[in-house]
Amino acid sequence: SKKVLLALGLGIAVVVVIIWRIIATSSLLSSRERVTVGVYATHPFVLSYNKHSTIVTVIWFNPRARVYIPGGYQWYPFGSVLLLDQIEKKQGELVRRTFEELVGAPVDFVVIPRSTGPLSETHDSFVTFFYRERGRLLPWFGGAYRISSGNSIDHYLLASILRSRNDKLLFVDASASTDSD
C-alpha cells in the first residue's frame, strides 16, 4: 500500500511538472505584448497577434525573393529555405530566423509543411490564398502543416489567431520589398 501511494504521488508529481513546463513555455502566456508566428506556405507570411487589441497583422512576402538567412548561410531563395533547414537538420530554426530577419522582431514559432521541397507556385492573390487556405494551415494530426516547436497551448493559440474575425485582420503587403527582380 505504501508502494502504491508512493508510485501514485510520483506519477502526480510528473504530471504537474509536465503541465507546468507546457504553461511556462507557452507563447500565449509570455510577458510580451505580441505573439508572432511565421507561416511557410505558398505565400510565406507572418501573423503578429496583439494580445491587448486582438488585432492580427498579416504580413506576406514574395516566395521568389532572395532572403538573408542568419548564421553564415547568406542569401537564398525564400522558396528553398525549408529545404536548407531540413538538410541542416535545424527543425524549423532557419525558417524562424529568416522570418525574424524579414520582420525585425522575434518570431515565437513557425508553421511549416510536412513535406519537403520548394514552395509551389500560385497565381492567386495573397488575400484570396489566405481566406481559402487558413483552415488547412492548422497543424492537426495528418494535416499538411506542423508547428516547428511549441506545445498544445501554442496549437490552440494558432487556431484562435487563424479563426480571427475578418475585421480583426490587418493585411500588409511586403512582397514588393522582397521582390526578386
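A. How the structure looks around the nonpolar core. If you look at the biggest cluster of nonpolar residues, it comprises 25 residues, and the most contacted ones within it are Val37, Val39, Phe45, Leu47, Val58, Phe130 and Leu158. Secondary structure elements with two or more residues in this core: strand E1 (34-39), strand E2 (45-50), strand E3 (56-60), strand E6 (109-113), helix H4 (126-133), strand E7 (145-147) and helix H5 (152-162). In terms of residues, this core owes the most to one element, H5, which gives 5 residues. The contact partners of Val58, leaving out residues within four places of it in the chain, are Phe45, Val46, Leu47, Phe126, Phe130, Leu169, Leu170, Phe171 and Val172. The next biggest cluster of nonpolar side chains, apart from the first, holds 18 residues, and it includes Val81, Leu82, Leu84 and Val95.

B. Region of the structure containing the pairing of E3. Within E3, 5 of the 5 residues are buried, which leaves it mostly tucked inside the rest of the structure. Neither face of E3 is open: one carries Val56, Val58 and Trp60, the other Thr57 and Ile59, and all of them are buried. Bridge count for E2 against E3 is 5 bridges, and the pairing is antiparallel. Of the residues in E3, the one forming a bridge with Leu47 is Val58. When E3 meets strand E8 (residues 169-173), the two strands line up parallel, connected through 5 bridges. Pairing of Trp60 across the sheet is with Asp173, part of E8.

C. The arrangement of the pairing of strand E4 (residues 66-69) in detail. Alternating positions in E4 separate cleanly, Val67 and Ile69 being buried on one face and Arg66 and Tyr68 remaining unburied on the opposite face. The pairing of E4 with strand E5 (residues 74-77) spans 4 bridges and is classified as antiparallel. Pairing of Val67 across the sheet is with Tyr76, part of E5. Between E4 and E5, which follow one another and run antiparallel, lie 4 residues, and Gly71 among them has a positive phi close to 100°.

D. Structural detail: the packing of aromatic side chains. Applying the stated criterion across every chain, the model contains 15 aromatic pairs. Here Trp60 and Phe171 contribute two aromatic rings whose centre-to-centre distance is 6.5 Å and whose plane-to-plane angle is 65°, an arrangement assigned as edge-to-face. Separated by 111 residues along the polypeptide, Trp60 in strand E3 and Phe171 in strand E8 bring together distant segments of the chain. Taking relative accessible area as the criterion, Trp60 reaches 13% and is therefore assigned buried. Both rings, one in Phe61 and one in Phe78, keep their centres 6.3 Å apart while their planes meet at 55°; by these two values the pair is tilted. Taken together, the positions of Phe61 in the loop between E3 and E4 and Phe78 in the loop between E5 and helix H2 (81-87) put the pair 17 residues apart, joining distant regions of the chain.

Conventions and cut-offs
- Residues numbered from 1 in each chain as written.
- Predicted model: local features only at pLDDT ≥ 70, side-chain atom pairs only at ≥ 80, totals over all residues.
- Heavy atoms only, no water.
- Core = buried A, V, L, I, M, F, W, Y, C linked by side-chain atoms within 4.5 Å.
- Buried < 20%, exposed > 50% of the residue type's maximum accessible area, 1.4 Å probe, protein only.
- Helix = DSSP H or I, 4+ residues; strand = E, 2+ residues; numbered from the N terminus.
- Contact = heavy atoms within 4.5 Å.
- Pairing = 2+ DSSP bridges.
- Phe/Tyr/Trp six-rings, centres within 6.5 Å; stacked < 30°, edge-to-face > 60°.

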